[in-house]
Amino acid sequence: YWRRALGMQVRYANYDDYQFCYSYRGRPGYRPSILMLHGFSAHKDMWLSIVKFLPKNLHLVCVDMPGHEGTTRSDLDDYSISGQAKRIHQFVECIKLNRRPFHLVGTSMGGNVAGVYAAQYPEDICSLTLICPAGLPSTTDSKFIKQLRELQESERIDRIPLIPSTPEEMADMLKLCSYVRFKVPQQILQGLVDVRIPHNDFYRKLFLEIVDEKSRHSLHENMSKIKAPTQVIWGKQDQVLDVSGASVLASAIPNCHVYILENCGHSVVVERPRKTANLILEFLALLYSMDNNKKQA
């Protein structure tokens, strides 16, 4: 209902026998299109809270990441971060989004993929927004990383805090991901878990893939190749990925604009949608005016 109310339409795009599911609003115009990549175990609708605060005339595309929601899930697929970046490039080619350079936005796992995409396909994008991206070594261990270490040591890696299978684990995950504390009724927690349980085996497989040596620091390994103007938005109280990652990016990417949001956790998009939308719009307006000044000069 919310998707329809905001004017987002769902479409499918096929690359050989692979299907991508995405939603979009508006059409390509003189301003860059915006492609949004969601995080681990989420889907394209997670962006609706931000879409609500973006102007109707912007061309927006939100895609389900490989294996998520309406996009093909296959045991044979490469779910590493570089594998996902390749898939997203296939999607971009499919819908001809790169006829003109577009603005790429990614959060968490999607931020890792977005950063690697920007490094590998620089001609496709004009600018980049990374929201609490994964893929960086951090100087400070977050609460989540500490939990993972303990699980690894006790060999209880089947109990990954981001893959809940009971209402209690769901409540713990919401607490871990968000700074704002809200009391969620037991029935709703149960409902949220019931929706996820059929996918938990896939989430486990994907999670182990993205924390593997090959992908764990993908963004870090690629950040020096990012040439596009980059915006980094991070919740100061992020317990999943420590906010110190923002300075790691700022030191490696020229022309990097960092915004740290006070009283905000990892779920920036859900916790501070209006602020995030405004930051993205201000960043794009700044680049647009700089571009115009260059042309006039």
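On a predicted model such as this, the values are computed, not experimentally measured, just so you know.

Enquirer: Mind showing me how you'd approach the overall build of the protein chain here?
Expert: When helices and strands are counted, the protein chain shows 13 helices and eight strands. Against the compact-globule benchmark of 19 Å for 297 residues, the protein chain has a radius of gyration of 18 Å, which places it among compact chains. Reported as C-alpha extents along the three principal axes, the dimensions of the protein chain are approximately 60 × 40 × 35 Å. Burial status across the protein chain gives 52% buried among its 297 residues. Here the contacts in the protein chain between residues at least 6 apart in sequence split such that 73% fall between residues at least 24 apart. Total accessible area on the protein chain is roughly 14,200 Å²; 52% of this is exposed by carbon and sulfur atoms. Across the protein chain, the 36 positively charged side chains and the 31 negatively charged ones have centroids separated by 9 Å.

Enquirer: How do you make sense of the packing of aromatic side chains when you look at a structure like this?
Expert: Any aromatic ring pair is given by two values, namely how distant the centres are and how the planes are angled relative to each other. Per the counting criterion, the structure on display carries twelve aromatic pairs. Between Tyr-18 and Phe-20 the ring centres are 4.9 Å apart and the planes differ by 55 degrees, which places this aromatic pair in the tilted class. A relative accessible area of 0% means that Phe-20 is categorised as buried. Aromatic side chains Tyr-79 and Phe-202 sit 5.3 Å apart centroid to centroid with 75 degrees between the ring planes, which places their arrangement in the edge-to-face category. Residue Tyr-79 is found in the loop between β4 (60-63) and α3 (81-94), and its partner Phe-202 is found in helix α8 (residues 200-210); the two are separated by 123 residues along the sequence. Side by side, Tyr-79 and Phe-202 carry an identical accessibility label, which is buried.

Enquirer: Explanation requested: the nonpolar core in the structure shown.
Expert: When a protein is soluble and globular, its nonpolar side chains tend to lie buried together. If you look at the biggest cluster of nonpolar residues, it comprises 90 residues, and the most contacted ones within it are Leu-35 and Trp-47. Top element by residues in this core is helix α4 (residues 109-120). It accounts for seven residues. Each residue touching Leu-35, except ones within four places of it in the same chain, is listed here: Val-61, Val-63, Ile-88, Phe-91, Val-92, Leu-97, Phe-102, His-103, Leu-104 and Val-105.

Enquirer: Hey, could you run me through the pairing of strand β6 (residues 125-131) in this one?
Expert: Side-chain positions along a regular strand alternate between the two faces of the sheet. Burial within β6 is extensive, with six of its seven residues counted as buried. As paired strands, strand β5 (residues 102-107) and β6 are joined by six bridges and run parallel to one another. Following the sheet pairing, Gly-106 is matched in β6 by Leu-130. Regarding the hand of the β-α-β motif, the stretch spanning β5, α4 and β6 is right-handed. Relative to strand β7 (residues 230-235), β6 runs parallel, the two sharing four bridges. Its bridge partner being in β7, Ile-131 is matched across the sheet by Ile-233.

Enquirer: I would appreciate a short explanation of the layout of surface pockets in the present structure.
Expert: Empty space among the atoms becomes visible once a probe the size of a water molecule is rolled across them. Approximately 470 Å³ is the volume attributed to the second largest pocket. Lining the second largest pocket are 20 residues; nearest its centre among them are Pro-32, Leu-284, Leu-287, Tyr-288 and Asp-291. Counting residues per element, the lining of the second largest pocket draws most heavily on helix α13 (residues 273-296), which supplies ten residues. Residues of the lining of the second largest pocket, tallied by class, amount to twelve nonpolar, three polar and five charged.

Enquirer: Quick question: what am I supposed to make of α4 here?
Expert: Three or four residues apart is the spacing at which side chains of an α-helix point the same way, because the helix has 3.6 residues per turn. For α4, built from twelve residues, the straight-helix expectation of 16 Å at 1.5 Å per residue is met to within 8% by its first-to-last C-alpha distance of 17 Å. Of all twelve residues in α4, eleven are buried; the element is thus mostly enclosed.

Enquirer: Explain the sheet that holds strand β8 (residues 256-261) here, please?
Expert: Note on sheets: strands pair through backbone hydrogen bonds, and any given pair is parallel or antiparallel. A sheet is described by the order of its strands in space; here eight strands give the open sequence β1-β2-β4-β3-β5-β6-β7-β8, paired in mixed fashion. Of all strands in the sheet, those bounded by a partner on one side alone are β1 (9-15) and β8. If you compare each strand with its neighbour and ignore which way they point, the axes differ by 20 degrees on average. Where β7 meets β8, six bridges bridge the pair, whose relative direction is parallel. Bridging across to β8, Gly-235 finds its partner in Leu-261.

Procedures and definitions
- Within each chain, residues carry numbers counting from 1 in the order of the written sequence.
- In keeping with the model being predicted, local features are shown solely for residues with a pLDDT of at least 70 and side-chain atom pairs are shown and tallied solely at 80 or more, while totals for entire chains, interfaces and linings include all residues.
- Only hydrogens and water are removed before side-chain values are computed, so all heavy atoms of the structure are retained for them.
- Numbering of helices and strands starts at the N terminus; helices are DSSP runs of H or I of at least 4 residues and strands are runs of E of at least 2.
- Only C-alpha atoms enter the radius of gyration, while the globule expectation follows 2.2 Å times N to the 0.38, with N the number of residues.
- Note on exposure labels: buried denotes an accessible area under 20% of the residue type's maximum, exposed denotes more than 50%, and partly exposed covers the range between, all computed with a 1.4 Å probe on protein chains only.
- Contact criterion: two residues are considered in contact whenever any of their non-hydrogen atoms come within 4.5 Å of each other.
- Each accessible area is a Shrake-Rupley estimate made with a 1.4 Å probe; only the visible protein chains count as cover when residues are assessed.
- Residues scored as charged are limited to Lys and Arg (positive) and Asp and Glu (negative), so that His and the chain ends carry no count.
- By convention, charge coordinates are those of NZ in Lys, CZ in Arg, CG in Asp, or CD in Glu.
- Here a Phe, Tyr or Trp ring, Trp counted by its six-membered ring, pairs with any other such ring whose centre lies within 6.5 Å, and the pair is stacked when the planes are under 30 degrees apart, edge-to-face when over 60, and tilted otherwise.
- To define a nonpolar core, start from buried Ala, Val, Leu, Ile, Met, Phe, Trp, Tyr and Cys residues and group those joined through side-chain atoms within 4.5 Å.
- Paired strands, in this sense, are two strands between which DSSP finds at least two bridges.
- Look down the strands so they point away from you; if going from the first strand over the helix to the second traces a clockwise path, that crossover is right-handed.
- Method remark: on a 1 Å grid restricted to protein atoms, a set of points is classed as a cavity if a 1.4 Å probe fits but cannot get out and as a pocket if it is open with protein on both sides within 12 Å along at least five of seven lines; lining residues have an atom within 4 Å of a point.
- Grid points are joined across faces, edges and corners, and a volume is the space filled by probe spheres set on the points.
- Residue type decides the class: Asp, Glu, Lys and Arg count as charged, Ala, Val, Leu, Ile, Met, Phe, Trp, Tyr, Cys and Pro as nonpolar, and the leftover types, Gly among them, as polar.
- Each residue after the first adds 1.5 Å to the expected span of a helix.
- Lines fitted to the C-alpha atoms define the axes, with helices restricted to the stretch that makes contact. Angles between their N-to-C directions range from 0 to 180 degrees.

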